[in-house]
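Here is how the chains run, residue by residue.
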Amino acid sequence: MSREIVEAIKGLEQEKGIDAETLMAALEDALLSAYKKTPGAAKYARVDLDRDTGDFRVFELILPPELEEKLVAQAIEEQEQTIDPETGELREPEDPELDPELLAPYEDQITTRDVTPKDFGRIAAQTAKQVILQRIREAERHMMFEEYQDRVGELITGIIQQSDNRYTLVQLRERVEALLPRSEQVWNERYDHGMRVKAVITEVNAEGKGPGIVVSRRNPELIKQLFELEVPEIADSLVEIVGVAREPGYRSKIAVISHADGVDPVGACVGPRGSRVRMVVSELRGEKIDIIPYNEEPARFVAKALSPARVREVLVDDEKQEATVIVPDDQLSLAIGREGQNARLAAKLTGWKVDIKSETEFSQEEEELTYEDAEEADGRCAAVLSAGRRCPNAALAGSRYCGLPQHQALARFDTNQVTVVTPLSEQEVQKLADPDASESDTRPLVERAMAEFAAADKEQAAPDEPEGAEADDEQALAQDAAAEGPEEPAPAEQPVAPEEPAPAEDETPEETAPVGVQSSEESEAGGEGSEGVRSEES
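As a convention, each chain's residues are numbered from 1 in the sequence order in which they are written. Only residues with pLDDT of at least 70 are given local features in this predicted model, and only at 80 or more are side-chain atom pairs given and counted; all residues enter the totals for whole chains, interfaces and linings. The basis for the side-chain values is all heavy atoms of the structure; hydrogens and waters are excluded.

## What to know about the overall build of the chain
- Strands here are runs of E lasting at least two residues and helices are runs of H or I lasting at least four, both read from the DSSP assignment and numbered beginning at the N terminus. Looking only at helices and strands, the chain features 19 helices and 14 strands.
- The buried label applies to any residue whose accessible area, calculated with a 1.4 Å probe on protein chains only, is under 20% of its type's maximum; exposed applies above 50%, and partly exposed to all values in between. Put simply, the chain has 538 residues, and 34% of those count as buried.
- Partitioning the intrachain contacts of the chain with sequence separation of at least 6 by distance along the chain shows that 58% fall at a separation of at least 24. Residue contacts are counted whenever heavy atoms from the two residues lie within 4.5 Å of one another.

## Some words on helix α2 (residues 20–36)
- One less than the number of residues in a helix, times 1.5 Å, gives the span that helix is expected to have. With 17 residues, α2 extends 25 Å from end C-alpha to end C-alpha; this agrees with the ideal 24 Å at 1.5 Å per step.
- Turning to α2, its buried residues are Leu23, Met24, Ala26, Leu27, Glu28, Ala30, Leu31, Leu32, Ala34 and Tyr35.

## Details of the pairing of strand β2 (residues 56–62)
- Buried residues dominate β2, accounting for 5 of its 7 residues.
- Here strand β1 (residues 45–49) pairs with β2 via 5 bridges, running antiparallel. Note on β2: the bridge partner recorded for Asp48 is Arg57.
- Think of it this way: DSSP has to see at least two bridges between two strands before they count as a pair. Both β2 and strand β3 (residues 111–114) contribute to a ladder of 4 bridges, which runs antiparallel. Across the sheet, Ile62 pairs through a bridge with Thr111, a residue of β3.

## Quick look at the packing of helix α6 (residues 221–230) against helix α9 (residues 275–283)
- Note on method: axes are straight lines fitted to C-alpha atoms, helices fitted across the in-contact stretch only, with angles between N-to-C directions ranging 0 to 180 degrees. Viewed as axis vectors pointing N to C, α6 and α9 meet at an angle of 140°, and their least axial separation amounts to 9 Å. Of the possible angle classes, the one that applies to α6 and α9 is oblique. In terms of crossing hand, the pair formed by α6 and α9 is right-handed. Where α6 abuts α9, its residues Leu226, Phe227 and Glu230 lie against Arg276, Val277, Met279, Val280 and Glu283.
- In terms of residue class, the contact of α6 with α9 is built from 5 nonpolar, no polar and 3 charged. If an angle is under 35 degrees, it is roughly parallel; if it is over 145, roughly antiparallel; if it lies from 65 to 115, roughly perpendicular; otherwise it is oblique. Handedness of a crossing is defined here by the sense of rotation of the near helix relative to the far one, left-handed for an anticlockwise turn of less than a right angle and right-handed for a clockwise turn. Under this grouping Gly is polar, as are all residues other than the nonpolar Ala, Val, Leu, Ile, Met, Phe, Trp, Tyr, Cys and Pro and the charged Asp, Glu, Lys and Arg.

## Here's the deal with the sheet that holds β2
- In space, the 3 strands of this open sheet follow the order β1-β2-β3, with antiparallel pairing throughout. Edge positions in the sheet fall to β1 and β3, since each of these pairs with one other strand and no more. Across the sheet, the axes of successive neighbouring strands diverge by a mean angle of 35°, strand direction being ignored.
- Where α2 meets the sheet, its contacts fall on β1 and β2, and the angle it forms with β1 comes to roughly 140°.

## Some points on the sheet that holds strand β14 (residues 353–358)
- Spatially, β12-β13-β14 is the arrangement adopted by the 3 strands of the open sheet, whose pairing is mixed. Only two strands of the sheet have a single neighbouring strand rather than two, namely β12 (313–317) and β14. Sheet twist, expressed as the mean angle between neighbouring strand axes with direction ignored, is 20°.
- In terms of strand pairing, β12 meets strand β13 (residues 322–327) through 5 bridges, oriented antiparallel. Across the sheet, residue Val316 finds its bridge partner in β13, namely Ala323.
- Where helix α10 (residues 298–305) meets the sheet, it contacts β12, β13 and β14, and its direction lies at approximately 130° from that of β12.

## With respect to the pattern of salt bridges
- Note on definitions: salt bridges are taken to be side-chain nitrogens of Lys or Arg within 4 Å of carboxyl oxygens of Asp or Glu. A full pass over the atoms with the stated rule returns 20 salt bridges.
- Where Arg151 meets Glu154, a salt bridge forms, and the shortest distance between an N and an O atom there is 2.8 Å.
- Take Arg151: its relative accessible area is 23%, and that puts it in the partly exposed class.
- Between Arg217 and Glu189 there is a salt bridge, with its nearest N and O atoms 2.8 Å apart.

## Focus on the nonpolar core
- The biggest cluster of nonpolar side chains holds 24 residues, and the ones touching the most others in it are Leu306, Val311, Val314, Val325, Leu349 and Ile356.
- Contributing elements (two or more residues each) for this core: α10, β12, β13, α12 (341–350) and β14.
- Looking at which element gives the most residues to this core, the answer is α10, with 5 residues.
- If near-sequence neighbours (up to four positions away) are discounted, Val325 is found in contact with Val302, Leu306, Val311, Glu313, Val314, Val354, Asp355, Ile356 and Lys357.
- Val200, Cys269, Val280 and Ile291 belong to the second largest nonpolar core, which has 20 residues in total. What is meant by a nonpolar core is a set of buried Ala, Val, Leu, Ile, Met, Phe, Trp, Tyr and Cys residues, joined one to another through side-chain atoms within 4.5 Å.

## Examining the environment of Leu12
- Among the structural elements, Leu12 can be located in helix α1 (residues 3–16).
- For the pair formed by Leu12 and Ile136, sequence separation is 124 residues and the distance between their alpha carbons is 9.6 Å.

## Some thoughts on the side chain of Arg251
- Along the chain, the position of Arg251 falls in strand β10 (residues 251–258).
- Here Asp290 takes part through its side chain, which lies 2.8 Å from a polar atom of the side chain of Arg251.
- The contacts of Arg251, once residues within four sequence positions are left out, are Ala245, Arg246, Glu287, Lys288, Asp290, Pro308, Gln341 and Leu345. As used in this structure description, the phrase polar contact means that two N or O atoms lie within 3.5 Å; if the pair is within protein, one of them must be able to donate a hydrogen and the other to accept it, and residues adjacent in sequence are counted only when both atoms belong to side chains.

## Some remarks on unusual backbone geometry
- The linkage connecting Ser307 with the following residue, Pro308, adopts the cis geometry, with an omega of 15°.
- When you line up the elements, Pro308 lands in the loop between α10 and β12.
- Residue Ser237 is not a glycine yet carries a positive backbone phi of 65°.
- By the secondary structure assignment, Ser237 is in the loop between α7 (232–235) and β9 (239–247).
- Looking at Ser237, the relative accessible area reads 51%, which means it is exposed.
- Here Arg285, not a glycine, exhibits a phi torsion of approximately 60°, which is positive.
- Following the sequence through the fold, Arg285 ends up in the loop between α9 and β11 (288–293).
- Classification of Arg285 as partly exposed rests on a relative accessible area of 30%.

## Digging into the environment of Leu445
- Tracing the sequence through the fold places Leu445 in helix α17 (residues 439–461).
- According to the relative accessible area criterion, Leu445 is buried, its value standing at 11%.
- Look past the residues within four positions of Leu445 in its chain and what remains in contact with it is Leu424, Glu428, Lys431 and Leu432.

## Structural notes on the packing of α10 against α12
- For the pair α10 and α12, interaxial distance at closest approach is 9 Å and the crossing angle is 145°. The handedness of the crossing between α10 and α12 is right-handed. Residues Phe301, Val302 and Ala305 of α10 pack against Ala346, Leu349 and Thr350 of α12.
- Split by residue class, the contact of α10 with α12 holds 5 nonpolar, 1 polar and no charged.

## Observations concerning the packing of aromatic side chains
- Pairing of aromatic side chains requires ring centres within 6.5 Å, counting the rings of Phe and Tyr and the six-membered ring of Trp. Pairs whose planes differ by under 30 degrees are stacked, by over 60 edge-to-face, and all others tilted. For the structure shown, the criterion picks out 2 aromatic pairs.
- Geometrically, the ring pair formed by Trp187 and Tyr250 is stacked, given 5.3 Å between the ring centres and 25° between the ring planes. With Trp187 in the loop between β6 (176–181) and β7 (196–204) and Tyr250 in the loop between β9 and β10, the pair connects residues that are 63 residues apart, well separated along the chain.
- Between Tyr294 and Phe301 the ring centres are 4.9 Å apart and the planes differ by 75°, which places this aromatic pair in the edge-to-face class.

Printed below as a string of structure tokens:
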């Protein structure tokens, strides 16, 4: 061997970036493998390669019998037992080869003898070549692992090299490829040869023979990285994406918060005329994205997470992490979404269990819920407001009502309707709410309030006279007259049309609208003003 080998190794070091010492060690192993392929090779041998001249020597290692038995027994114990796949029986361990590292501590007991062959055969040379190539590939994989092991979660751009039903190969740079498995692909995306694609690194390993980098197009981190590219405020940490809920290929929701005064997090992510979010949607092949402002109040956060649906009220249970959302009847399907997608994404984004109910359904449940059931069901105040809904506040300890005096006063009545105390003054309500007040002092107040409450219910339940009663009476008289016989016709008179009063000059006729119809501005104002979000402390 000449210095040409040393120069070739140095050139390989510059070309592939592999350390020369690694290549020299690989060459020593290749020469040792080649020696063992020659006839009459020694059982234990070592190759010493001169790093400057490229000359090598092969030495046979002669072990004492006691030392050999000891080292072989130790190597057998370290071997893992394998099972024959055909018979299912344990395989007998083969005679192990003693690793040079295992023999190193016993160099003083081992004698050596120079057995360098004059020439290697064709088979030995081919074996040496395969060993060198294998070591080079292992060195490249190790370098790749060292480079990418700290880049998990990072956004990368690659070129599609090969795609089939099992996986897609993405070339990141020269001689570095990543694997995009089928499980990490989006159902409505195509991966054609030569296409540029952005993905997130999810795993880097140095085991196996295939690509050691696994990338994903389904990972929620992909949306975070894409917004960081398009939104300077996120890159500068002025705006932060605190949560992502995604159903790849369909819809995503992200929660954003601003860390700087005067910076609108939603507006920063949307961009001028939606230019920034449009770039992200384009990269995700048309996947819809909802941008939600983060709120530390769970009730408000849940209400915003259900957008674009309008929410009327949110009742939360902090202990169970559950939220009951009441929406207008016409917003129920929008809040739930197609196949429950909107509600599912909102629950994933907020981390709360979300139960959506319409106003009609919620009112019916409140009416069916009895006085005792209300306390056992959710611990809320059992008072029923004038609108027909239960008070959203939590009941006090040892009581069925919250701390409001009007609600505490209901403990002395047989009904839980708040309107029963309407006829009473504030001082009388305070006296009824006082638990220490005597029954003799409160009984007259309770009886008077109950009497007026019953009278109001009776008056409301009394049937009113129908508007068309007079018309019905006139029609009945006409039918009786027709039954008696025809009357003589009166002389015909020329009908005179009644004069309509002309409008005054300073007055203009007002346009009338059908009863119960609001203008679009009034309806929108009413809708926005009616969106109340209340939270319940459990």
